[in-house]
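Structure assessment
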Amino acid sequence: MRMLRTTLAAAMAASMLAGPAFAEYPDKPITFIIPYGPGGTSDVGVRTWGPYMEKCLGQTIVFVNKPGAGGEIGFTELANAKPDGYTLGALNVPNSPAGAITKKDAKYSMDSFAYLGNLYGSLVAINARKGGQYDTLAKVVDAAKSGTNINMAISNFGADDHIKMLDFMKQAGVKFTFIPMSDAATSRNAVMGGHVDVSGNSLTEVVGFQDQLQTLAIASEERRPELPDVPTFKELGYDVVGGSNHVIGAPAKTPPEVVDKLAGCFSTVAADPEFQKAAKERALLLNVMDAKQTAEWVKQETGRIQALWESDPWIK
């Protein structure tokens with residue numbers, strides 16, 4: 001009986017210690033890894049929802065840019081972080097599955113993460129320099145068909161801008177020379193500076209630069225209110241729609257109760273009218289999915305990218 005009482009006392013003590021420990025999560029700042037440089041859609045987006053997430057969690061979030069290798073450096077760091085809820089990160093799709101699929105030495109897989117949700121996405125747009133020779137998509141296509149080498153800046157091979165532009169090229173019967181940049185802001189600057197002919201960027205990344213850019217087409221179902229004078233690819237005869245989703249994740253094996261708290265806060269942020277207003281002001285395209293929906297969607301997209309890679313690999 002004495003042994004039983006001792007065992008029960010120990011169990012109760014452990015339970016009492018465990019309860020408050022979780023109840024206090026988070027009790028220190030959280031690090032959020034942005035796998036791209038400043039100024040791109042990923043960077044703008046997380047810094048938009050950041051203050052609202054901090055309010056929900058009652059703790060500071062420290063945003064850290066970790067650009068390089070098309071996001072692979074940041075994805076890998078997140079995958080290898082301690083699964084305690086204090087390191088989170090952006091897992092852009094198609095970028096993250098494309099890296100895992102196409103790199104033989106990838107240090108992560110899509111099973112390396114716990115998915116917390118998705119707040120926003122992007123639509124790819126093709127852009128030229130304002131006042132340059134390519135002020136319509138038709139002129140770009142005609143030039144490429146006549147033998148002119150069209151240089152196109154993209155954020156990286158396997159990124160949403162690359163994949164959507166591959167789709168466009170196939171439909172148009174043309175070829176561009178892709179020039180991967182370190183991040184989306186660099187590719188945008190390259191076309192504005194006249195260093196390349198065109199660029200693939202998300203709508204969010206180009207809306208505020210129309211004094212220097214000529215956006216030629218947007219991969220949306222309908223014209224966007226942010227740029228109502230810019231046609232869609234569909235209007236111009238090309239069935240090109242979509243971009244990326246900026247999935248939010250944590251390392252796999254993060255405790256379920258921590259995942260639930262984080263996922264709940266992201267759902268709270270998504271429903272906040274003040275966040276929605278801020279997102280609209282920054283041309284963020286909301287595409288809200290909860291944790292379960294996000295995990296299912298990532299699985300489907302990973303399969304789609306795997307099939308595309310096997311049928312038409314873009315890296316020799």
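Model, not experiment: these values are computed from the prediction.

Quick look at the overall build of the chain now. Looking only at helices and strands, one finds 11 helices and 11 strands in the chain. Structurally, the chain occupies a C-alpha span of about 90 × 40 × 30 Å along its principal axes. Counting all 316 residues of the chain, 52% fall into the buried class. Pairs at least 24 apart in sequence give 76% of the contacts found in the chain among residues at least 6 apart. In the structure as shown, the chain presents an accessible area of about 14600 Å², 54% of it carried by carbon and sulfur atoms. Across the chain, 30 positive and 34 negative side-chain charges occur, with their mean positions spaced 4 Å apart.

It is worth spelling out the layout of surface pockets at this point. Here the largest pocket defines a volume of roughly 320 Å³. Elements that contribute at least two residues to the lining of the largest pocket include exactly β11 (285-289) and α11 (291-311). For the lining of the largest pocket, the class distribution of residues is seven nonpolar, seven polar and three charged. Of the pockets and cavities examined, the second largest pocket occupies roughly 230 Å³. Where the lining of the second largest pocket is concerned, the elements lending two or more residues are α5 (137-145) and β9 (213-218).

Attention now moves to the sheet that holds β9. Judged by pairing direction, the sheet is mixed, and its five strands sit side by side in the order β7-β6-β8-β5-β9 without closing on themselves. The sheet is open, and its two borders are formed by β7 (177-180) and β9, each paired with just one other strand. Taking each pair of neighbouring strands and ignoring which way they run, the sheet shows an average axis angle of 30 degrees. As paired elements, strand β5 (residues 124-129) and strand β8 (residues 198-202) share five bridges and run antiparallel to each other.

Moving on to the side chain of N127. Looking at the element boundaries, N127 is found in strand β5. Side-chain polar atoms of N127 contact the side chain of T215, separated by 2.8 Å. Not counting residues up to four positions away in its chain, the partners in contact with N127 are V191, D197, V198, S199, G200, N201, V206, L213, Q214, T215 and L216.

Put simply, Y25 and P26 share a cis peptide bond, and its omega is -10 degrees. Note on placement: P26 falls in the loop between α1 (2-23) and β1 (30-34). Here the phi dihedral of K253 falls at roughly 75 degrees; this positive angle occurs in a residue that is not glycine. Among the residues examined, K253 registers a relative accessible area of 77% and is labelled exposed. Of note in this structure, A283 is not a glycine but carries a positive phi near 60 degrees. Mapped onto the fold, A283 is located in the loop between α10 (273-281) and β11.

Moving on: empty space enclosed by the protein. If you walk through the whole model with that rule in mind, you get one cavity of 30 Å³ or more. Volume-wise, the largest cavity comes out at about 190 Å³. Taken together, 20 residues make up the lining of the largest cavity; nearest its centre are N92, S155, D160, A184 and E205. Of all the elements in the fold, those that place two or more residues in the lining of the largest cavity are α2 (41-57), α6 (160-172) and β8. Classifying every residue of the lining of the largest cavity by side-chain character gives three nonpolar, 12 polar and five charged.

Taken as a whole and judged by the stated rule, the model has nine salt bridges. Of the charged contacts, one joins D135 and K139 as a salt bridge, the two residues approaching to 2.9 Å between their closest N and O atoms. Taking the relative accessible area as the measure of exposure, D135 reaches 35% and is therefore partly exposed. The class for K139 is partly exposed, based on a relative accessible area of 40%. If you follow the salt bridges from partner to partner, you end up with E221, K234 and D239 in one network.

Attention now goes to the pairing of strand β6 (residues 151-154). Of the pairings in the sheet, the one linking β6 to β7 comprises four bridges and is parallel in character. Looking at β7, one finds that I154 is bridged to P180. Traced from β6 through α6 to β7, the parallel crossover comes out right-handed. Where β6 lies against β8, two bridges are found, and the strand directions are parallel. Looking at β8, one finds that M152 is bridged to V198.

Cut-off values and rules
Residues numbered from 1 in each chain as written. Predicted model: local features only at pLDDT ≥ 70, side-chain atom pairs only at ≥ 80, totals over all residues. Heavy atoms only, no water. Helix = DSSP H or I, 4+ residues; strand = E, 2+ residues; numbered from the N terminus. Buried < 20%, exposed > 50% of the residue type's maximum accessible area, 1.4 Å probe, protein only. Contact = heavy atoms within 4.5 Å. Areas by Shrake-Rupley, 256 points an atom, 1.4 Å probe, with all protein chains shown as cover. Lys, Arg positive; Asp, Glu negative; His and termini not counted. Charge placed at Lys NZ, Arg CZ, Asp CG, Glu CD. 1 Å grid on protein atoms, 1.4 Å probe; cavity = no way out; pocket = protein on both sides within 12 Å on 5 of 7 lines; lining within 4 Å. Points joined across faces, edges and corners; volume = space filled by probe spheres on them. Nonpolar A, V, L, I, M, F, W, Y, C, P; charged D, E, K, R; others polar. Pairing = 2+ DSSP bridges. Axes fitted to C-alpha atoms, helices over the stretch in contact; angles between N-to-C directions. Polar contact = N/O pair within 3.5 Å; in protein donor to acceptor, adjacent residues only side chain to side chain. Salt bridge = Lys/Arg side-chain N within 4 Å of Asp/Glu carboxyl O. Right-handed = clockwise from strand over helix to strand, strands pointing away.

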